[in-house]
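Architecture and fold: a report
The lines below spell out each chain.
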Amino acid sequence: MKYKLLLLLFTSLTTIVSAQIQYEELSSDRLGESRQLKIQLPRNYTDNPEKIYPIIVVLDGDYLFEPVAGNVDYYSYWEEMPEAIVVGINQVDTRDTDTYYDEVSYLPIDEGAAFFEFIGLELMPWLDQNYRTSTFRIIVGHDVTANFMNYYLMKEPALFQGYISLSPDLAPEMETRLVARLGASQQKIFYYLATATEDIRILRETIEPLNSQIKLVTNDNLRYYYDNFEGATHYSLVGRAIPKAIEEIFSIYRPISKKDYKEVILKLDGSPYDYLIDKYTIVKNLFGLDDKVRVNDFIAISTAMEKKSDWEGLGKLGQLARKEYPETMLGNYYIALSLEKLGEPKKAMRTYQNAYLLEEVSFLTKDLMLDKADKIKEDFGY
């Protein structure tokens, strides 16, 4: 009986996981052949027909897709990054030709140029046509494919805004070209570079100087991150670098942390409300996402406002909460507390009472709302 239950559970889990992965073959005029793709859709993709998602393109998809897709699913589940569509390109038999570049110009030619155009002119338009994609795109590569993806930075605007470069095998002149482009970019670029102490020596000899040069770049549009993993090899660094890259690139997206609260929000000269609005505006501008403000972020900001006695800001926060979560008592509570502290007890009492008809959320309960209203009634004799 236990065996049958375990088998049923395993089968169910396999079905759930499999439902997230699609296998496609995309016919390419540029390549003169079809390419195999692995596509992981967000868990609730079909349940949110109006929602759009960033795209993460994974080169070396035959072995790099699974670690990237697994981390994306995990981090997005915990809201540490937005849900995203992950697309792996199988290159198991074509890796060398796909990344081929001229020995004089060190730019893609022949099959390399065809693969470059396949991604930009065929794959990305196909994804935009067949899936609900946002404007934010990331590309991931390892050694020769990590070098190849840099060619997309050589044009303005760049096709991708995020680059995860795992132990790149750099072409000659790539260091100079890359540093120049990162310094001149007119769009926001996120660039993550990783090596390890046990990485291939000849690669480290180019990666470390590249890091030194990029760190000298002064461009407000560039967000640069670098890791040198102690004890990792050319292959094991991948497992450590992918989650670190996700954390760095999507740091602004994460929920407000205790560290943010203590070290940033409580020390603000202005209103915490402005911090909240700026945070979600940046997320919208960077990632093309118009997400609702998280309930936990509302609570963090309101707590800071109470500590700072920012009662006017709390009223604005309440109006925003009413807009974002009209079915809950969140907005009414903040508005009522603001009115109470600003000397409008009768209005505050009525607002607390009206909240009784709405849904409870977090620490806010119907009993709490009635207690708040009754306390005002008792104090002022209404």
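Presented here is an overview of the structure given in this document. (Residues numbered from 1 in each chain as written. Predicted model: local features only at pLDDT ≥ 70, side-chain atom pairs only at ≥ 80, totals over all residues. Heavy atoms only, no water.)

1. Here's the deal with the overall build of the protein
Of the regular secondary structure elements, the protein holds 15 helices and eight strands. Buried residues in the protein amount to 49% of all 382 residues. Excluding contacts between residues fewer than 6 apart, the proportion of contacts in the protein whose partners are at least 24 apart in sequence is 72%. Just so you have it, the protein exposes about 19,200 Å², and 51% of that area is on carbon and sulfur atoms. (Helix = DSSP H or I, 4+ residues; strand = E, 2+ residues; numbered from the N terminus. Buried < 20%, exposed > 50% of the residue type's maximum accessible area, 1.4 Å probe, protein only. Contact = heavy atoms within 4.5 Å. Areas by Shrake-Rupley, 256 points an atom, 1.4 Å probe, with all protein chains shown as cover.)

2. Some words on the pairing of strand E1 (residues 21–28)
When E1 meets strand E2 (residues 33–40), the two strands line up antiparallel, connected through eight bridges. Across the sheet, the residue bridging to Glu25 is Gln36, located in E2. (Pairing = 2+ DSSP bridges.)

3. What about the packing of aromatic side chains?
With the rule as written, the count across this model stands at 24 aromatic pairs. Measuring from ring centre to ring centre gives 6.3 Å for Tyr333 and Tyr352, while their planes differ by 55 degrees; the resulting arrangement is tilted. Of this pair, Tyr333 sits in helix H13 (residues 330–341) while Tyr352 sits in helix H14 (residues 345–355), placing them 19 residues apart in sequence. Looking at Tyr333, the relative accessible area reads 6%, which means it is buried. Through pairs of rings, three or more aromatic residues link up here, namely Phe115, Phe116, Phe118, Phe148, Tyr151, Tyr152, Phe160, Tyr163, Tyr191 and Tyr224. Above the face of the Tyr253 ring, Arg294 is positioned so that its terminal group lies 4.7 Å from the ring centre. (Phe/Tyr/Trp six-rings, centres within 6.5 Å; stacked < 30°, edge-to-face > 60°. Lys NZ or Arg CZ within 6 Å of the ring centre and 35° of its normal.)

4. Topic: the pattern of salt bridges
Within the structure shown, the criterion is met by 18 salt bridges. Note that Lys38 and Glu66 form a salt bridge whose closest N and O atoms lie 2.9 Å from each other. With Lys38 in strand E2 and Glu66 in helix H2 (residues 61–77), this residue pair connects regions lying 28 residues apart in the sequence. Residue Lys38 is classed as buried on the basis of its relative accessible area, which comes to 15%. Taking the relative accessible area as the measure of exposure, Glu66 reaches 41% and is therefore partly exposed. Among the ionic pairs, Arg43 bridges to Asp73, the shortest N-O distance being 2.9 Å. With a gap of 30 residues between them, Arg43 in the loop between E2 and strand E3 (53–58) and Asp73 in helix H2 connect regions that are remote in the sequence. In this structure Asp73 comes out as partly exposed when scored by relative accessible area, which is 22%. Three or more residues are tied together by salt bridges with common partners; here these are Glu33, Arg35 and Asp98. (Salt bridge = Lys/Arg side-chain N within 4 Å of Asp/Glu carboxyl O.)

5. Quick notes on the sheet that holds strand E7 (residues 189–198)
Within a sheet, adjacent strands bond to each other through the backbone by hydrogen bonds, running parallel or antiparallel. As summarised here, the arrangement of the eight strands in space is E1-E2-E4-E3-E5-E6-E7-E8, forming an open sheet in which the pairing is mixed. Sheet topology places E1 and strand E8 (222–233) at the edges, where each strand pairs with a single neighbour. Strand-to-strand twist in this sheet, taken as the mean axis angle between neighbours without regard to direction, amounts to 20 degrees. Here strand E6 (residues 162–166) runs beside E7; their pairing, made up of five bridges, is parallel. For Leu166, the partnering residue across the bridge sits in E7 and is Ala194. (Axes fitted to C-alpha atoms, helices over the stretch in contact; angles between N-to-C directions.)

6. Let's talk about a negative patch on the surface
On the surface, a cluster of negative charge is made up of Glu360, Asp367, Asp371, Asp374 and Glu378. Within the secondary structure layout, Asp371 lies in helix H15 (residues 366–380). (Patch = residues over 30% accessible without salt bridge, like charges linked within 9 Å, V, L, I, M, F, W, Y side chains within 5 Å. Lys, Arg positive; Asp, Glu negative; His and termini not counted. Charge placed at Lys NZ, Arg CZ, Asp CG, Glu CD.)

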